[in-house]
Amino acid sequence: MSDIKMIAPAVSNVPWQERPAGLKDAPVWRYTENPIIGRNPVKGVARIFNSAVMPYGDEFIGVFRGEQTNGIPYIYLGRSKDAIHWDFDENKIPFVDSKGKSFMPLYAYDPRLVKVEDTYYIIWCQDFYGAAIGMAKTKDFESFERVENPFLPYNRNAVLFPRKINGNFVMLSRPSDSGHTPFGDIFVSESPDLTFWGKHRHVMGRGSNWWESLKIGSGATPIETSEGWLLFYHGVSGTCNGYVYSIGGAILDLENPSIVKYRCETFLLTPEEWYEERGFVPNVIFPCATIHDSESGKIAIYYGSADSYVGLAFTKFDEIIDYIKEHSNVSASDTEVGNR
Ligand code: BMA
């Protein structure tokens, strides 16, 4: 048992199933009722996947990637009492500019959700003359104001940390190209005001392990711990039959998250079940959020599967920290600071 602490609120109603009897070596296990969101979940939406959820009051709220029946992805709001059964709004989230005028992206996908101080931020991928990061803020999930697009194209998989670090907002992202990107490392950037971003640093690269040798991208909002930021991310391997997306884990330095302290050299979860291997894009598991309870150490990981469904998996805080540390292999480019 490690004495590392999770620095996060207690969430006593975190969804949970115990580790199945007989499952010995696996660090993460699936919810037996997966997928929790199936096809045609709401009028006009064929599939929901790659979505982010969090506690809200005594219940839960989420931003969901809904693939409309015209094939274009957009973000929908959902609410749940148990974080497993979800009610979705039929309308897309209505984004406005700072004057209250409608300001909708052409398309929007892979949303993440985080609360920093008293404000909730939604971060997603959208068109900005190519794939780029879009962002909005809300205090009440009734009105949603767009903020400046943080980065130049091309970029994806942006994840904002849940608190400022050394006085600045901090965001991970994955600069790349605009297509089905065949490369990509995770970088970190800072901003004093969410408008101007700089101090860009390389965090970690693809390539060191075969299962993540093609590209990697941030997944869930990092969880603060006394040992560093616990990050669940996706890693992609290119096979002769297409990309395979798995879930990986790393721990980043608390005060300087460009430094990787531990990086698990094995995947934590890889496509194995029918809803991960079969769907619109087979062999994809794509984490976008966790719900975690600092008191019990329970962590529920939400992931899109096969670009068709939402799956839920579980791990225990102590166990996952130990597992990542025991299987850690950190490369020189994971630890260098501003060398290039
Ligand atoms: C990536 C993103 C994800 C998607 C994945 C697999 O490039 O677009 O939204 O889940 O491809 O198709």
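Summary of the structure given here. Nothing here was measured: the structure is a model prediction, and the numbers come from that model.

## Re the sheet that holds strand β8 (residues 119-127)
So, step 1. Ordered by their spatial adjacency, five strands build an open sheet running β6-β10-β9-β8-β7, and the pairing between neighbours is mixed. Every interior strand has two partners, whereas the edge strands, β6 (95-96) and β7 (108-116), have only one.
So, step 2. With two bridges joining them, strand β9 (residues 131-138) and strand β10 (residues 144-146) adopt antiparallel strand pairing. By the bridge assignment for β10, K137 is matched with E145.

## Here's the deal with the site of the ligand
So, step 1. Near the ligand, the surroundings consist of N50, R65, Y109, D110, R156, K215, Y245, V281, V284, F286 and D307.
So, step 2. One nitrogen or oxygen atom from the side chain of N50 is found 2.9 Å from an oxygen atom belonging to the ligand.
So, step 3. At a separation of 2.7 Å, an oxygen atom of the ligand approaches a polar side-chain atom of R65.
So, step 4. Burial of the ligand by the protein chains amounts to 87% of its free accessible area of 310 Å².
So, step 5. Split by residue class, the shell around the ligand holds five nonpolar, one polar and five charged.

## Comments concerning the pattern of salt bridges
So, step 1. Counted according to the given criterion, the structure contains 15 salt bridges.
So, step 2. Across the pair K81 and E59 runs a salt bridge, and its minimum N-O distance is 3.4 Å. Of the two residues, K81 sits in the loop between β4 (73-80) and β5 (87-92) while E59 sits in strand β3 (residues 59-68), which places them 22 residues apart along the sequence.
So, step 3. When salt bridges with common partners are traced through the structure, they connect R30, E272 and E276 into a single cluster.

Calculation criteria
Residues numbered from 1 in each chain as written. Predicted model: local features only at pLDDT ≥ 70, side-chain atom pairs only at ≥ 80, totals over all residues. Heavy atoms only, no water. Pairing = 2+ DSSP bridges. Helix = DSSP H or I, 4+ residues; strand = E, 2+ residues; numbered from the N terminus. Near = heavy atom within 4 Å. Polar contact = N/O pair within 3.5 Å; in protein donor to acceptor, adjacent residues only side chain to side chain. Areas by Shrake-Rupley, 256 points an atom, 1.4 Å probe, with all protein chains shown as cover. Nonpolar A, V, L, I, M, F, W, Y, C, P; charged D, E, K, R; others polar. Salt bridge = Lys/Arg side-chain N within 4 Å of Asp/Glu carboxyl O.

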